[in-house]
Amino acid sequence: MATALPKPRELQRMTALAHLDAEELLFEITNERASSRASSESPEVSSAELNTVLASLAEIAQRIVETLDAPIGVPVEQAAERLDVTAPTVRKWLKDGLLQRTEGRKPLEIEPRSLLELQHALATVRDGYPARQWSKALAAYLHDRDLQGQNWATKGRDEFERGEFIEH
Amino acid sequence: MHRLRLTPSADKAVRGLRGKPAAAWIRVEADLKAQGCRAAGYRLLGSDGNWSPYCCKHLYGRWRVITTFEPGIATVTAVGEHDGPGFYTQLSHELGISDVGRGREQKPDCCGPDGWPTTGDIAGQHISDHASLGSVRSQR
């Protein structure tokens, strides 16, 4: 990521390009939805077709990310809105390490990637817990996800699913 | 008593243990045969946030034993050292939760309230159906 904040004119140009790409992304998705509805009588989409669409969308999204390669994070209030929590909760999670701040930004801003990761994790656990337990629940979830993602753990699980055992 | 079986990679891992982890494994192996899920540590969460069918037992240091159960059968699916890369390393540092799970406060029993996973089926069970992760028990 770039480290210096762009000058206003450059920022304006980047925003315009990103806006254009975002519009294109929406346009592509709208078209794909329309195509999907039109072919609902034969809904089977081949893996190759799906991959082509996903590649196209990924390319546009990547372009937006590259265009907006500036050390600008998400303000706390916007992060709170995205996560459907209060701003103090966002600050607490930042302090707890569940979110990461964008270096050098004042007032503080949240790294977009950490925000998305937390949003995804939160979606998996928030139904099961009262809000006051979220921090602990998230920590437990992330711990277990990490443990079960270790190479040795996935290898063992694969063997288990294939029914490969040695009696002791 | 329970039948005990290991996946090939778990078997290889325990055969490679030396010193204190090896001594700990001898105890865990005997306990799993005698007690099933009651000796298997705490239940892990799945990627969907609900209970996974796997449990985790702290062996020694970073060493972990991951198990799952069927009626009368204890299966060790994996044995290995838990490294804490990336985001979890940062999290563990900030929260004081060790990357070996030392500080994972909530350790719900591997056995469910109805005896799972020694018996029964976990299909459809949700975290909120059981004692919450707030039920803290020492599993080490």
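Not measured: the values here are computed from a predicted model.

### Digging into the overall build of chain B
At step 1: Of regular secondary structure, chain B possesses three helices and five strands.
At step 2: Starting at the N terminus and ending at the C terminus, chain B contains elements arranged as β-α-α-β-β-β-β-α.
At step 3: Expressed as a percentage of the 140 residues in chain B, the buried residues total 56%.
At step 4: Sequence separation of 24 or more characterises 61% of the internal contacts of chain B that already satisfy a separation of 6 or more.
At step 5: Here chain B displays about 6,100 Å² of accessible surface, and carbon together with sulfur accounts for 50% of that area.

### Here's the deal with the overall build of chain A
At step 1: What chain A contains, in helices and strands, is seven helices and three strands.
At step 2: Listed N to C, the secondary structure of chain A is α-α-β-α-α-β-α-α-α-β in terms of helices and strands.
At step 3: Counting only residues that meet the buried cut, chain A has 36% of its 168 residues in that class.
At step 4: Sequence separation of 24 or more characterises 60% of the internal contacts of chain A that already satisfy a separation of 6 or more.
At step 5: Only carbon and sulfur atoms are counted for the fraction: they give 54% of the accessible area of chain A, which is about 10,800 Å².

### Let's talk about the state of the cysteines
All names here are of chain B.
At step 1: Per the stated rule, a full pass over the model turns up two disulfides over all chains.
At step 2: Here Cys 37 connects covalently by a disulfide to Cys 111, the sulfurs 1.9 Å from one another. Residues Cys 37 and Cys 111 share a disulfide whose torsion about the S-S bond is about 105 degrees; that sign makes it right-handed. Placement of the pair is Cys 37 in the loop between α2 (19-35) and β2 (42-45) and Cys 111 in the segment after α3 (86-95), with a sequence separation of 74 residues. Residue Cys 37 shares its accessibility class with Cys 111, and that shared class is buried.

### Things to note about the environment of A:Gln78
At step 1: Position of A:Gln78 relative to the elements: it lies in helix α3 (residues 76-83).
At step 2: Along the primary structure A:Gln78 and A:Val90 are separated by twelve residues, whereas in three dimensions their C-alpha atoms are 9.9 Å apart.

### So, the packing of helix α7 (residues 151-161) of chain A against helix α1 (residues 8-15) of chain B
At step 1: Two elements in contact, α7(A) and α1(B), have axes whose closest approach is 7 Å; the angle formed by their N-to-C orientations is 130 degrees. Comparing their axes, α1(B) and α7(A) come out oblique. Where α7(A) approaches α1(B), its residues A:Lys155, A:Gly156 and A:Glu159 are matched on the opposing element by B:Pro8, B:Ser9 and B:Ala10.
At step 2: Considered class by class, the residues forming the contact of α7(A) with α1(B) number two nonpolar, two polar and two charged.

### Points about the nonpolar core
Inside soluble globular proteins, nonpolar side chains tend to come together where they are buried.
At step 1: Residues A:Leu83, A:Val90, A:Trp93, A:Leu99, A:Ile110 and A:Leu138 are the most contacted members of the largest nonpolar core, which totals 24 residues.
At step 2: Elements supplying a minimum of two residues to this core: α3, α4 (87-96), α5 (112-125) and α6 (134-148) of chain A.
At step 3: Residue contributions to this core peak at five residues, all from α5(A).
At step 4: Discounting residues that sit within four places of it in the chain, A:Ile110 has contacts with A:Gly73, A:Val74, A:Ala79, A:Val90, A:Leu94, A:Leu99, A:Gln100, A:Arg101, A:Thr102 and A:Leu115.
At step 5: Core analysis: the next-biggest nonpolar cluster, separate from the first, contains 23 residues, B:Val28, B:Ala39, B:Cys55 and B:Cys110 among them.

Scoring rules and cut-offs
- Residues numbered from 1 in each chain as written.
- Chains lettered and ligands numbered in written order.
- Predicted model: local features only at pLDDT ≥ 70, side-chain atom pairs only at ≥ 80, totals over all residues.
- Heavy atoms only, no water.
- Helix = DSSP H or I, 4+ residues; strand = E, 2+ residues; numbered from the N terminus.
- Buried < 20%, exposed > 50% of the residue type's maximum accessible area, 1.4 Å probe, protein only.
- Contact = heavy atoms within 4.5 Å.
- Areas by Shrake-Rupley, 256 points an atom, 1.4 Å probe, with all protein chains shown as cover.
- Disulfide = S-S within 2.5 Å.
- Axes fitted to C-alpha atoms, helices over the stretch in contact; angles between N-to-C directions.
- Parallel < 35°, antiparallel > 145°, perpendicular 65-115°, else oblique.
- Nonpolar A, V, L, I, M, F, W, Y, C, P; charged D, E, K, R; others polar.
- Core = buried A, V, L, I, M, F, W, Y, C linked by side-chain atoms within 4.5 Å.

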